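# A closer look at the structure
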Amino acid sequence: MSSVAPADLPVGKNLGSLEAAEAAETAESTERGTKTARVKKRLTSRTATIISLIIAVVWTIPTFGLLVSSFRPADLIRDTGWWTIFQNPGFTLDNYADVLISTSSSSPQLGAYIVNSIAIAVLATLIPLVFASMAAYAFAWIRFKWVNWLFIFVFALQIIPLQMALVPLLQIFSTWLRPMQAWLHDMIPIIPEQNYLPLWLAHSMFALPLAIFLLHNFISEIPSDVIEAARVDGATHGQIFFRIVLPLATPALASFAIFQFIWVWNDLLVALIFSGGTQDVAPLTQRLAEMVGTRGQDWQRLTAAAFISIVIPLAVFFGLQRYFVRGLLAGSTKG
Amino acid sequence: MTTADLLGKLLQVVMGLAVFAAVVGLLIFFIDKAPKKGRDYWQLTFFLLPAMLFIAVGLVYPAIRTSLLAFQDPSGDWTLANFVWTFTQPAAIRTLINTIIWVLLVPTISTAIGLAYAVFIDKSRGERYYKVILFMPIAISFVGAGVIWRFVYEYRGGDRDQIGLLNAMVVAAGGEPVQWLQTDPINTFLLIVVMIWIQTGFAMVLLSAAIKGVPTEQIEAAQLDGTNGWQRFLNVTVPGIRGALVVVLTTISIATLKVFDIVRTMTAGNFNTSVIANEMYTQAFRASEVGRGSALALILFVLVLPIVIYNVNVLRKQREIR
């Protein structure tokens, strides 16, 4: 591996042609073209390439090992390392069938938990998104002096770690929310007594300060001409908010929505405290953590279950990379 | 999961959406039908109402209450016993020390690797693919990462073949396999590796963007002065990305102070691996020691506070310059 030269790197075809186009563009101004070309050459020395290749390989191997193992038969996982797959070949989908479809009581039965994860994430993303954009609009476009102070206060709330809020919020929920959930269950028996409501509310509450701050940054930069023209035409605040502000803020809304979705999907702490842990409510991460605790040696199940739990965030990551990175960078101090 | 269960869950989501839509619709109705007198005030109130209500119930009141609970014993009398426990019990002290080790190692190492990688792949062919590889772990949940790395650290006793990569490498090098996660103090460092694995991609992406902002002219000029690559890196690139370095270090520090899922999934805080956030959960929600849990939460807050303030200041200054 150490003899791999830069030319042998797995470079995608379209990226190569893209770079060629760029080079052609810069070549128009000869001076700039040679300059970047020279810097490019100097910085990518052979040692640097080798080191970055090693880092890239080290970073990929753990996930790769998990993925390979999840397709191996249980007895092979138990007795041989995944790197010996060519000496001990074997391919099976049983692990996935076992964790997803099997209804035997010893199986993890992940289906229900996947539904929970989706159900939790959808509303725990939508609620803070709408409430935060409403608040951000008010903070940016309805002007009173004390409102600025309120905004600074909300901004400052970002420094409160999640952990500070957990105990009292659980107390509030068990005094006020639980009777309401029981009442809901009595009215409509198909709704389980343990339901998603506490998780939706908790995630929304914790997300709001950051969401308001990010969306305010964006919404306050909408040109005032646009808003004022609409007001002169007799539009109400409600109309301006829905017809002008929300459409214009779509990129910011998308970035935050993706960040919040991934955050909720990957969360364990809030789920542990507010979900109750039954398969009526608990998300995938909680089930996976529980499996590690009780059946930490069942690697054929753990590998398949872990891969199922990471596949959706990874799909979002690869599909919506630009928004994903933007949202993540903006929201990285959350929690 | 039976069909009835699935239907029940679907019904819950649909009802949740319906109720939420109704609430928003009602708010907008009030906003548009507000009385003429003091109209702006009315509209402002209704725009802000839901968010402020959520924040008051979910953050402001709980934060105050936690601060008070930290100074109370179970019967509600004022006491400092919770903090005395935190700073005198060997297990609790170990938790604090572990947290300090975490917050010293994770930000520095992941920033160092991220920076080196960003510099090495800068303007190289296939830079985009290199970046994706390092950045990918950040999309994986901490629980998922915990499982991935537990598999790497897996131990097999006796003469059986090792299935964990780390022990397989140790055995191949002629050593004895180790129960990594049960062996103190190496286990804490192995958990730290997982966090570094996740955070390095974040550091790399930010620093890579900053490096591209360093003017080519400066590097060119340094080159003409006959400097070598390392000198150019130290004297031109690093000063040019100082702001980004600070943001990366502080951001990862905050995330590290709050680390919970990794410890919970991999060792549950056993074998002397606990950290503040994990101990807070254990005390408050497993051992029913609400006072101790609150005290730990308050300590976490006090530790995070200066870093966040510093971070915000740096970010604000950067924005002003731009």
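Residues numbered from 1 in each chain as written. Chains lettered and ligands numbered in written order. Predicted model: local features only at pLDDT ≥ 70, side-chain atom pairs only at ≥ 80, totals over all residues.

### Some thoughts on the packing of helix H14 (residues 284-294) of chain A against helix H15 (residues 299-319) of chain A
Residues and elements named next belong to chain A. Which entries qualify depends on this criterion: A fitted line through C-alpha atoms serves as each axis, taken over the contacting stretch for helices, and the angle formed by two N-to-C directions is quoted from 0 to 180°. The secondary structure listing takes helices from DSSP runs of H or I that are at least 4 residues long and strands from runs of E that are at least 2 residues long, numbered from the N terminus. Every angle not falling under 35 degrees, over 145, or within 65 to 115 is termed oblique; those three ranges are roughly parallel, roughly antiparallel and roughly perpendicular. In this scheme the crossing of two helices becomes right-handed for a clockwise turn of the near helix relative to the far one and left-handed for an anticlockwise turn of less than a right angle. Throughout, a residue-residue contact means that the two C-beta atoms, derived from backbone geometry, are no farther apart than 7 Å.
One can describe the packing of H14 onto H15 by two numbers: an axis separation of 10 Å at closest approach and a directional angle of 160°. One element, H14, and the other, H15, form an angle in the roughly antiparallel class. In this structure, H14 crosses over H15, and the sense of that crossing is left-handed. Every residue of H15 that contacts H14 at Leu-284, Thr-285, Leu-288, Met-291 and Val-292 is listed here: Arg-301, Leu-302, Ala-305, Ala-306 and Ser-309.

### A closer look at the packing of helix H1 (residues 3-32) of chain B against helix H2 (residues 39-69) of chain B
Residues and elements named next belong to chain B. Using the following cut-off: Gly counts as polar in this scheme, as do all residues outside two lists: the nonpolar Ala, Val, Leu, Ile, Met, Phe, Trp, Tyr, Cys and Pro, and the charged Asp, Glu, Lys and Arg.
Axis separation between H1 and H2 bottoms out at 8 Å; the angle between their running directions is 165°. As the angle between them shows, H1 and H2 are arranged roughly antiparallel. At the point where H1 passes H2, the crossing takes the left-handed sense. Residues Leu-27, Phe-30 and Ile-31 of H1 pack against Gln-43, Phe-46, Phe-47 and Pro-50 of H2. Looking at the contact of H1 with H2 residue by residue, the classes come out as six nonpolar, one polar and no charged.

### Considering the nonpolar core
Filter applied, for reference: Linking buried Ala, Val, Leu, Ile, Met, Phe, Trp, Tyr and Cys residues through C-beta atoms within 7 Å yields a set, and such a set is a nonpolar core. Three exposure classes are used, all based on how many other C-beta atoms lie within 10 Å of a residue's own C-beta (placed from the backbone): buried at 20 or more, exposed at 12 or fewer, and partly exposed between those limits.
Ranked by internal contacts, the top residues of the largest apolar core, which has 182 residues, are A:Ala135, A:Leu215, B:Ala51 and B:Leu207. Considering each element in turn, this core owes the most residues, 22 residues, to helix H6 (residues 110-141) of chain A. Once residues within four sequence positions are removed from consideration, A:Ala135 is found in contact with A:Ile212, B:Phe47, B:Leu48 and B:Ala51.

### Points about helix H5 (residues 127-135) of chain B
The following threshold applies: The directions considered for the arc run from the helix axis to the C-beta atoms.
All buried positions along H5(B) are accounted for by B:Tyr130, B:Lys131, B:Leu134 and B:Phe135. Down the axis of H5(B), the smallest arc covering the buried residues is 120°, so these residues share one side. On its buried face, H5(B) is in contact with helix H3 (46-70) of chain A together with helix H4 (90-121) and helix H8 (186-213) of chain B.

### Section: the interface of chain B and chain A
Listed as interface residues are 100 residues of chain B and, on the opposing side, 102 residues of chain A. Of the residues forming the side of chain B that touches chain A, the biggest block, 18 residues, is contributed by H2(B).

### Topic: the confidence of the model for chain B
Applicable threshold: pLDDT expresses how confident the predictor is about each individual residue, on a scale running from 0 to 100.
Of all residues in chain B, 98% attain a pLDDT of 70 or more, and the chain-wide mean is 90. Interface predicted TM-score (ipTM) for the complex: 0.89; the corresponding pTM is 0.86.

### Things to note about unusual backbone geometry
Residue and element names in this part refer to chain B. Of the consecutive residues Asp-184 and Pro-185, the connecting peptide bond is found in the cis state with omega at 5°. The residue Asn-272 is not glycine, and still its phi comes out positive at about 60°. Residue placement: Asn-272 occurs in the loop between helix H12 (261-266) and helix H13 (276-286). For Asn-272, a count of 18 C-beta atoms within 10 Å translates into the label partly exposed. The backbone phi angle of Ser-288 is positive, close to 55°, even though this residue is not glycine. With respect to the helices and strands, the residue Ser-288 is situated in the loop between H13 and helix H14 (290-321).

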